[in-house]
Amino acid sequence: MFKNEDSSTEERLDLEEQRQQLLQDKASILNDLEHLGEAMRNSEVDIDLEEGDPQIIEREKYQALVTNLQTRLKSVERALAKIDLGVYGICERCGKPIAIARLIAKPDATLCIKCRSEVEKLAKRGIIYRPPKNFLEAFDILQNEEEESKSNR
Ligand SMILES: [Zn+2]
């Protein structure tokens, strides 16, 4: 559970509400994935079908949807892990807080609006932003260091 240590701050984000929203998103994604999985099993194709066959096209469409959902699921799980680590709502690119309104609209946002638009601009020039893979460990280490420096005092 999250302690609300600074209740005087009005612009504070309700982490518990964000967590509930994320859990809801996760449940609905898992539900969609399950339905897609069933649909895919029901449309098992014959091996000797030729490329361009409607059945194969249908299957590829399912596969694209599944990939899309899995990406979203990872993003939602990442956000949930961040809440647990106490680093939720921090931009992964610049380390600054993400605007509360943005987090409410998109609870699994990983970038602030400024970075988001910069990343989109770069993408148009063919430079693809890759989020740091080990950011959770990095945050974890930061937290431990903070605690250590506190206990040394
Ligand atoms: Zn940023």
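Owing to the predicted nature of the structure, the values given are computational and were not obtained by experimental measurement.

Visitor: Help me understand the confidence of the model for the protein, please; the structure alone is not making it clear to me.
Guide: The predicted model of the protein has a mean per-residue pLDDT of 82, with 75% of residues at 70 or higher. Helix α5 (residues 135-152) is the least confidently modelled element of the protein, averaging 54 in pLDDT, while helix α4 (residues 113-124) averages 95, the highest of any element. Confidence drops under a pLDDT of 50 for residues 1-10, and excluding neighbours within four residues, the segment shows 3 contacts in the predicted structure.

Visitor: Can you walk me through the environment of D14 in this structure?
Guide: Of note, D14 is situated in the segment before α1 (15-42). Between the alpha carbons of D14 and I104 there is a distance of 9.2 Å; along the sequence they are 90 residues apart.

Visitor: Would you explain the nonpolar core in this entry?
Guide: Grouped burial of nonpolar side chains is what soluble globular proteins tend to show. Core analysis: the biggest nonpolar cluster contains 5 residues, these being L22, I29, V76, A79 and Y88. Contributions of two or more residues to this core are made by α1 and α2 (54-85). Every residue in contact with L22, bar those within four places of it in the chain, is listed here: V76, A79, L80, P107 and D108.

Visitor: Is there a simple way to think about α4 in this case?
Guide: An α-helix turns once per 3.6 residues; consequently, residues spaced three or four apart project the same way. End to end, α4 covers 17 Å across 12 residues, agreeing with the expected 16 Å (1.5 Å per residue, within 8%). Little of α4 sits out of view: just 0 of its 12 residues are buried. Directly after α4, the chain includes G126, whose backbone phi takes a positive value near 90°.

Visitor: Explain α2 here, please?
Guide: Taking 1.5 Å of rise per residue, 32 residues should cover 46 Å, and α2 covers 47 Å from first to last C-alpha, within 8% of that figure. Listed as buried for α2 are V76, A79 and K82. On its buried face, α2 is in contact with α1. Positive phi shows up at G86, right after α2, with a value of about 80°.

Visitor: How should the packing of α1 against α2 be read in this particular structure?
Guide: Between α1 and α2, the shortest axis-to-axis distance is 9 Å and the interhelical angle comes to 155°. Taken together, α1 and α2 sit at an angle that is classed as roughly antiparallel. In the packing of α1 onto α2, the handedness of the crossing is left-handed. The residues of α2 that touch α1, namely those facing L15, Q18, R19, L22, D25, K26, I29, D32, L33, L36, A39 and M40, are R59, Y62, L65, V66, L69, R72, L73, V76, E77, A79, L80 and I83. Partitioning the contact of α1 with α2 into residue classes produces 16 nonpolar, 1 polar and 7 charged.

Cut-off values and rules
Every chain is numbered on its own, with residues counted from 1 as its sequence reads. For this predicted model, a pLDDT threshold of at least 70 governs which residues receive local features, and a threshold of 80 or more governs which side-chain atom pairs are given and counted, while totals over whole chains, interfaces and linings are taken from all residues. The pLDDT value expresses, per residue, how confident the predictor is, ranging between 0 and 100. A run of H or I in DSSP becomes a helix once it reaches four residues, and a run of E becomes a strand once it reaches two; helices and strands are each numbered from the N terminus. We call two residues in contact whenever the C-beta atoms placed from their backbones are within 7 Å. Definition of nonpolar core: a set of buried Ala, Val, Leu, Ile, Met, Phe, Trp, Tyr and Cys residues joined via C-beta atoms within 7 Å. With C-beta atoms placed from the backbone, a residue is buried if 20 or more other C-beta atoms are within 10 Å of its own, exposed if 12 or fewer are, and partly exposed between those counts. The length a helix should cover is 1.5 Å for every residue beyond the first. Think of each axis as a best-fit line through the C-alpha atoms, taken over the contacting stretch in the case of a helix, with angles from 0 to 180 degrees between the N-to-C directions. Note on angle classes: values under 35 degrees are labelled roughly parallel, values over 145 roughly antiparallel, values of 65 to 115 roughly perpendicular, and the remainder oblique. Rotating anticlockwise by less than a right angle from the far helix to the near helix defines a left-handed crossing, while the corresponding clockwise rotation defines a right-handed one. Amino acids are sorted into nonpolar (Ala, Val, Leu, Ile, Met, Phe, Trp, Tyr, Cys and Pro), charged (Asp, Glu, Lys and Arg) and polar (every other residue, Gly among them).

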